[in-house]
Amino acid sequence: MLKRALTSLFFFLLSAGLCASQTSSRDAEGHEWWQHAVFYEIYPRSFADSNNDGVGDLQGITSKMDYLHDLGVDAIWITPCFPSPQIDFGYDVSDYENIDPMYGTLADFDRMVEEGRKKGVHIILDFVLNHTSDQHAWFKDSASSRTAPHRDWYIWRDGRAPSQPPNNWISIFGGSAWKIDDKTGQYYYHFFYPEQPDLNWRNPAVEKAMFDVTRWWYRRGVSGFRLDAVDTLFEDPELHDNPTLPGANKYGDPNLENKYNTNLPELHDVLRQLRSVADESHAVLIGETWTSNIEQLKAYYGARSDELQMPMDFMFTTINKLDPAEFRRQAAAVDSAGGWPVYVIGNHDMVRSYNRYGDGFHNDQIAKLMAAFYLTLRGTPVMYYGEEIGMENNDPQRKEDVKDPIGKLGWPTEKGRDGERTPMQWKNELNAGFSKSAPWLPVPASYATHNVETDLKDPGSILNFYKRILALRHTNPALIEGAYIPLNQDDPNVLSYLRAYKGKAVLVALNMSSGAQKITFDLAQQGFSGAKLKPLAASEAEAVDSRVSLQPFGAFVGEVVK
Ligand code: GLC
């Protein structure tokens, strides 16, 4: 009893300490800590393996806290590390208030929080709120009988005819979104795998239980959550069929418009409530907010800025080529949407940015150009581990090597997401220094040249370029607070803009073409007559007075000096 009381007191003091530091971190412009922080996504299976079993763990993350701090990271978002049968590698949670033994213990978690606190690195967890694992005690009870206490915690319906699911909805991971349960004779709904039954968010008991989960982690020192798959929380209670579209998807299912099972307005109510719980702890909510237009993205901030502080803009990631006009359009749209912009170029669900933007010849240079771009926009960036060393996709070559179930199901059209989830490349050593045992996924051959240890020693490496830009982001007032002002908007090759603040400015010029480019900027037009450019960070670029010369895919970041 006494031990328990002391533990609660410890967590109370810990969270009070964190809250105090978060509240006082508002800057002169009234911005909160997360608005000028750099977030970094960690896939825990693949970051650092402290016990050499081939799978990363929390102690591994803790051991890299100095690396993260020195890189310029202020917060890490760890993808789900809770107990799970690992069907979807943690996105099938069987207990929300514990740590999967594969990753360690709650004591390891507390040590990681503490170490993060010492190094100024906030911990953000992943909240999988649309569904649980079918092995969660709630679902086990729910499936046990039609009258079980948790029956209505999930979405159970009769088939529309014998052996026919309730409607035509399909799972995003292939096949019908309904699975028959032989014991109780009803179907349950799963937007993702059948092992990931959807929670019934229309049930207040579900709301309460899930809000309490977030409180539990806030008390343990978590600074916020990344909310998984938020657009899938609600379904049409009438179960209308989704409209069919021409063609079939990669699993051979008919294409449907997910009109009745995604993006229902009710989800905003839940986000508002989650936000008010987060506000009790000064925590931040990041959204996995896939949207098809800026209006949808705006809605996630909330009509009264009372929903997500950080809805990620994924429309940015769908611009898969170096197209200045497209990037200009998207950056301007997000910048003027009224909320704080959140930029991402890669994550554990998409081909790595190194491959998406690389042309096969200038990939390292292009990786620096992308860093100089999304890390200097007004807003908060969310990096993906390994991006800073130019990690590339390592897709499985044979179906039998695939780990991600969607790759098994959709092979060879869909190879799954293993390629972007390979172990972090720390050293030019066995298994890239990630583990002494064979890692759960193989490292690509590029680890010999693209690894932390080698890159730290090379002043021209991608890693040192990231460090330079991230250091500027933390110290240069124009990059911290400045307005985003696009320049030379008709230029088809070079994307350029100013970040201007209180009579000072930083100019960014990015050559998105494979030819050399020279530009003389008319800085007088921006109120900087007679100004010159002083380089702050440059890669294959230089400036004389107000003229910038850029080699193919060159990137220039410079101060406008009067
Ligand atoms: C999100 C995650 C993805 C996962 C899915 C189901 O999209 O990013 O990895 O498979 O949700 O939870």
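Above this text is the structure in question.
Keep in mind that what you see is a predicted model, and the values were worked out from it rather than measured. (Residues numbered from 1 in each chain as written. Predicted model: local features only at pLDDT ≥ 70, side-chain atom pairs only at ≥ 80, totals over all residues. Heavy atoms only, no water.)

Asks: Looking at this structure, how should I read the site of the ligand?
Replies: Close contacts around the ligand come from 13 residues, with Asp-88, Asp-228, Glu-288, His-348 and Asp-349 the closest. Here His-131 contributes a side-chain N or O atom positioned 3.0 Å from an oxygen atom of the ligand. In isolation the ligand has 300 Å² of accessible area, and contact with the protein removes 95% of it. Put simply, the ligand lies in the largest pocket. Split into classes, the residues belonging to the shell around the ligand amount to three nonpolar, three polar and seven charged. (Near = heavy atom within 4 Å. Polar contact = N/O pair within 3.5 Å; in protein donor to acceptor, adjacent residues only side chain to side chain. Areas by Shrake-Rupley, 256 points an atom, 1.4 Å probe, with all protein chains shown as cover. 1 Å grid on protein atoms, 1.4 Å probe; cavity = no way out; pocket = protein on both sides within 12 Å on 5 of 7 lines; lining within 4 Å. Sits in = over half its atoms within 2 Å of the grid points. Nonpolar A, V, L, I, M, F, W, Y, C, P; charged D, E, K, R; others polar.)

Asks: I keep staring at the sheet that holds strand E5 (residues 178-181) and nothing clicks. Help me out?
Replies: Two strands in a sheet stick together by hydrogen bonds in their backbones, pointing the same way (parallel) or opposite ways (antiparallel). With antiparallel pairing, three strands are arranged side by side in an open sheet as E4-E6-E5. Either end of the sheet is taken by a strand with one partner, and the two such strands are strand E4 (156-157) and E5. Here two bridges tie E4 to strand E6 (residues 186-189), and the two strands are oriented antiparallel to one another. Bridging from a neighbouring strand, Trp-156 pairs with Tyr-188 of E6. (Pairing = 2+ DSSP bridges. Helix = DSSP H or I, 4+ residues; strand = E, 2+ residues; numbered from the N terminus.)

Asks: Which parts of the structure should I look at to understand empty space enclosed by the protein?
Replies: Space left empty within the atom packing is revealed by a probe, the size of a water molecule, rolled over the atoms. Under the criterion given, the structure shown has one cavity of 30 Å³ or more. A volume near 130 Å³ is recorded for the largest cavity. If you go around the largest cavity, you meet 18 residues; those closest to its centre are Ile-345, Ser-353, Tyr-354, Ala-367 and Glu-387. Listed by contribution, the elements that provide at least two residues to the lining of the largest cavity are helix H10 (353-357) and helix H11 (363-374). The element contributing the most residues to the lining of the largest cavity is H11, with four residues. In terms of residue class, the lining of the largest cavity is built from eleven nonpolar, five polar and two charged. (Points joined across faces, edges and corners; volume = space filled by probe spheres on them.)

Asks: What should I look at first to understand the sheet that holds strand E3 (residues 122-127) in this one?
Replies: In space, the eight strands of this open sheet follow the order E11-E10-E7-E3-E2-E1-E13-E12, with parallel pairing throughout. Sheet topology places strand E11 (310-311) and strand E12 (342-344) at the edges, where each strand pairs with a single neighbour. Where E12 and strand E13 (residues 380-384) come together, three bridges link them in parallel fashion. Bridging from a neighbouring strand, Val-342 pairs with Thr-380 of E13.

Asks: What exactly am I supposed to notice about helix H9 (residues 324-335) here?
Replies: An α-helical turn contains 3.6 residues, so a residue and the one three or four places further along point in the same direction. With twelve residues, H9 should reach 16 Å at 1.5 Å per residue; the first-to-last C-alpha distance of 16 Å fits that figure. When H9 is considered as a whole, its buried residues turn out to be Pro-324, Phe-327, Arg-328, Gln-330, Ala-331, Val-334 and Asp-335. Against the buried residues of H9 lie helix H8 (294-301), E12, H10, H11, strand E14 (483-487) and strand E15 (494-501). (Expected span 1.5 Å × (residues − 1). Buried < 20%, exposed > 50% of the residue type's maximum accessible area, 1.4 Å probe, protein only. Contact = heavy atoms within 4.5 Å.)

Asks: In this structure, what is going on with unusual backbone geometry? I would like to understand it.
Replies: The general pattern is negative phi for most residues beyond glycine and trans for most peptide bonds. Of the consecutive residues Trp-411 and Pro-412, the connecting peptide bond is found in the cis state with omega at -5°. Along the polypeptide, Pro-412 turns up in the loop between helix H12 (405-410) and helix H13 (452-457). Look at Phe-89: it is not a glycine, yet its phi comes out positive at around 45°. Here Phe-89 is to be found in the loop between strand E2 (75-78) and helix H4 (106-119). You can call Phe-89 buried: its relative accessible area is 8%. One non-glycine residue, Ser-305, lies in positive phi territory at about 50°.

Asks: What is the right way to look at the pattern of salt bridges in this model?
Replies: Pairs may arise between side chains of opposite charge once their charged atoms sit close together. A full pass over the atoms with the stated rule returns 31 salt bridges. One salt bridge in this structure joins Asp-88 and Arg-417, with 3.2 Å as the shortest N-O distance. Taken as a pair, Asp-88 in the loop between E2 and H4 and Arg-417 in the loop between H12 and H13 lie far apart in primary sequence, 329 residues in all. Both residues of the pair, Asp-88 and Arg-417, belong to the buried class. For Arg-398, the salt bridge is made with Glu-400, and the minimal N-O distance between the two is 3.8 Å. Since its relative accessible area comes to 45%, Arg-398 is described here as partly exposed. Judged by relative accessible area, which is 59%, Glu-400 ranks as exposed. Through salt bridges with shared partners, a single network forms among Asp-88, Asp-349, Asp-404, Arg-417 and Arg-421. (Salt bridge = Lys/Arg side-chain N within 4 Å of Asp/Glu carboxyl O.)

Asks: Explain the packing of helix H6 (residues 204-219) against helix H7 (residues 266-280) to me, please; I cannot follow it from the model alone.
Replies: For the pair H6 and H7, the least separation of the axes is 10 Å and the interaxial angle reads 30°. What the angle tells us is that H6 and H7 run roughly parallel. The two elements H6 and H7 meet at a crossing, and its hand is right-handed. Of the residues in H7, those in contact with Glu-207, Phe-211, Thr-214, Arg-215 and Tyr-218 of H6 are Val-270, Gln-273, Leu-274, Val-277, Ala-278 and Glu-280. Here the residues of the contact of H6 with H7 are counted per class, giving six nonpolar, two polar and three charged. (Axes fitted to C-alpha atoms, helices over the stretch in contact; angles between N-to-C directions. Parallel < 35°, antiparallel > 145°, perpendicular 65-115°, else oblique. Left-handed = near helix turned anticlockwise from the far one by under 90°.)

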